[in-house]
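For reference, the chains in residue letters:
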Amino acid sequence: MELDETGRGEALRSLVVVCSYHHKNTEKVARAIVEVLGAPVKTPQEVGPDEIAAYDLVGFGSGIYHATFHPSLLDLAGRLPRADGRRAFLFSTYGAPAVAAGDKFVSKNHSRMREALLAKGYAVVGEFACAGWNTNVFLKYFGGLNRGHPDAGDLGRAAAFARSLVESAR
Ligand SMILES: Cc1cc2nc3c(=O)[nH]c(=O)nc-3n(C[C@H](O)[C@H](O)[C@H](O)COP(=O)(O)O)c2cc1C
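Summarised in this report is the structure supplied together with it. (Residues numbered from 1 in each chain as written. Predicted model: local features only at pLDDT ≥ 70, side-chain atom pairs only at ≥ 80, totals over all residues. Heavy atoms only, no water.)

Points about the nonpolar core
Basically, it comes down to this: Joining through side-chain atoms within 4.5 Å is the link that ties buried Ala, Val, Leu, Ile, Met, Phe, Trp, Tyr and Cys residues into a set, and such a set is a nonpolar core. Only protein chains enter the accessibility calculation, which uses a 1.4 Å probe; a residue is then buried when its area is under 20% of its type maximum, exposed when over 50%, and partly exposed in between. In this text, helices come from DSSP runs of H or I with a minimum length of four residues, and strands from runs of E with a minimum of two, each type numbered from the N-terminal end. The contact definition used throughout considers only heavy atoms, calling two residues in contact when any of these lie within 4.5 Å.
Within the largest apolar cluster, 25 residues are counted, with the highest numbers of intra-cluster contacts made by V17, I52, F60, F69, M113 and L117. For this core, the secondary structure elements donating two or more residues are strand 1 (14-19), strand 3 (57-63), helix 3 (71-79), strand 4 (87-94) and helix 4 (103-119). Broken down by element, the residue count for this core peaks at four residues, all from helix 3. Setting aside anything within four residues of it in sequence, one finds L117 in contact with F60, A77, L80, A88, L90, Y122 and V124.

Let's talk about the site of the ligand
Rule in force here: We call a residue near a molecule or strand as soon as one heavy atom of that residue lies within 4 Å of the molecule or strand. Here a polar contact is recorded for every N or O atom pair within 3.5 Å, except that within protein the pair must consist of a potential hydrogen donor and a potential acceptor, and residues adjacent in sequence are included only if both atoms are side-chain atoms. Here the accessible surface of atoms and residues is derived via Shrake-Rupley with a 1.4 Å probe, and residues count as covered only by protein chains that are part of the display.
With respect to spatial proximity, 21 residues lie near the ligand, and among them S20, T26, I64, Y65 and T93 are the closest. One of the side-chain nitrogen or oxygen atoms of T26 is found 2.6 Å away from an oxygen atom of the ligand. Residue A67 places a main-chain N or O atom 2.8 Å away from an oxygen atom belonging to the ligand. Out of a free accessible area of 650 Å², the ligand has 89% covered by protein chains. Of all elements in the fold, only helix 1 (25-37) and strand 4 reach the threshold of two or more residues within the shell around the ligand.

Examining the sheet that holds strand 3
Paired through backbone hydrogen bonds, the strands of a sheet run either parallel or antiparallel to each other. Rule in force here: We treat two strands as partners when DSSP finds at least two bridges between them. Only the contacting stretch of a helix is used when fitting its axis, a line to C-alpha atoms as for every element, and angles between N-to-C directions run 0 to 180 degrees.
Pairing within the open sheet is parallel, and its five strands lie in the order 2-1-3-4-5. Edge strands, defined here as strands with exactly one partner in the open sheet, are strand 2 (41-42) and strand 5 (123-131). By the bridge criterion, two bridges tie strand 1 to strand 2 in an arrangement that is parallel. Residue V16 lies in a different strand from strand 2, and its bridge partner there is V41. Strand contacts of helix 4: strand 3, strand 4 and strand 5, with the helix running at about 145 degrees to strand 4, the strand carrying the most contacts. Running at roughly 170 degrees to strand 5, helix 5 (residues 152-168) makes contact with strand 4 and strand 5 of the sheet.

What follows is the structure, encoded as structure tokens:
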């Protein structure tokens, strides 16, 4: 049997679902991740719960809007069939200044989506977040926060995160 990049002798069927409407910040992170995984990227509107259930590893990515994932992703997670331990991962971009955004902040932003997936029986095997350009409300008058993010460093860390997912699936 020929081994593929997962070393399992079969392709790791993976998919990324992303909602990224503010500046396409999270979509850039999604592109860096799927370049490693060789996975398609879809919006929540482009994919149904049953289609998602056919994948071994599913990434859910969102800008952080009002301290959580976009409602379209939370809604999709609520409609998924039971996952029986299939794997999922989360990623996001946030508009708070990067210095103020520690692990607790990221974990809190991800918590509703994480809980929704765990409730469906997914194993949440990794989480990634970085800063994203934010011109929400009054910030637009000052050029916004995190201008230029995600930058090359952020996207490099996203690719490394994706490689770690492949490694852990071996
Ligand atoms: C309506 C709205 C609400 C937001 N709420 C938050 C928030 O609660 N916390 C935060 O850190 N950033 C917040 N942001 C900033 C975004 O998370 C940030 O700009 C993100 O990178 C946007 O991702 P996107 O370009 O993929 O949509 C908000 C942005 C918008 C437009």
